[in-house]
Amino acid sequence: MKLPAALFLLLAASAAQAHDIRQHAPHVHGQATVDVALDQQTLEFALQAPGIGILDYERPPANAAEQAALARATTVLKGGNWVTLPTAAECRLATSNADAEGFDATAAAPPPGQHRHAGFSATLQYHCAKPAALRAIVVRLPVLFPGLHEVIVNSATANGQNRSVLTPDNLRVVLAP
């Protein structure tokens, strides 16, 4: 199976699992999901995280300090500083994006008895001159954002698919045995 097809299947499976989770709750506080795909020299990351795990709140910022925290979080996620790659792989960040959703003051108020949900999404794409050196990576989200107690990393490479559960004490994702 070609890797793009494997990536499609991985993302489809993740979407199905996310749909199952949303059946029980809109999102899981304290838990983020990162999908990682390595296709030849391209390494891609896609992050989904609840706002409460990144900022400790899921509402529009109430003051200048909270507005600054929101801007800082978005900058950190977009900058890719939450991922550490082996220097031997010679990777450079090619594109990145980060969005904070649901923190807008104009967003509709939640129905009575429910609270607002907000979250972050980020994508990173690296070009790696020596992808064979990408045997393991470090995803530092639980250390940078202590509200994230668990980060689930789904990876797809030429070596197959894997799922890792990261905590502040375990930040390493093995991509190749």
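Residues numbered from 1 in each chain as written. Predicted model: local features only at pLDDT ≥ 70, side-chain atom pairs only at ≥ 80, totals over all residues. Heavy atoms only, no water.

(A) The state of the cysteines, seen in detail. Summed over the entire model, instances satisfying the criterion amount to one disulfide. Residue pairing for Cys 91: its cysteine sulfur links by disulfide to Cys 128, the two sulfurs lying 2.1 Å apart. On the sign convention where negative means left-handed, the S-S torsion of about 110° between Cys 91 and Cys 128 marks this disulfide as right-handed. In this pair, Cys 91 sits in strand S4 (residues 91–101) while Cys 128 sits in strand S5 (residues 119–128), placing the two residues 37 residues apart along the sequence. Classification of Cys 128 as buried rests on a relative accessible area of 0%. (Disulfide = S-S within 2.5 Å. Helix = DSSP H or I, 4+ residues; strand = E, 2+ residues; numbered from the N terminus. Buried < 20%, exposed > 50% of the residue type's maximum accessible area, 1.4 Å probe, protein only.)

(B) Fine view of the environment of Leu 70. Structurally, the position occupied by Leu 70 is in helix H3 (residues 64–79). Taking the C-alpha atoms as reference, Leu 70 lies 8.7 Å from Phe 103; in sequence the two are 33 residues apart. Not counting residues up to four positions away in its chain, the partners in contact with Leu 70 are Leu 55, Tyr 57, Pro 61, Ala 100, Phe 103 and Phe 120. (Contact = heavy atoms within 4.5 Å.)

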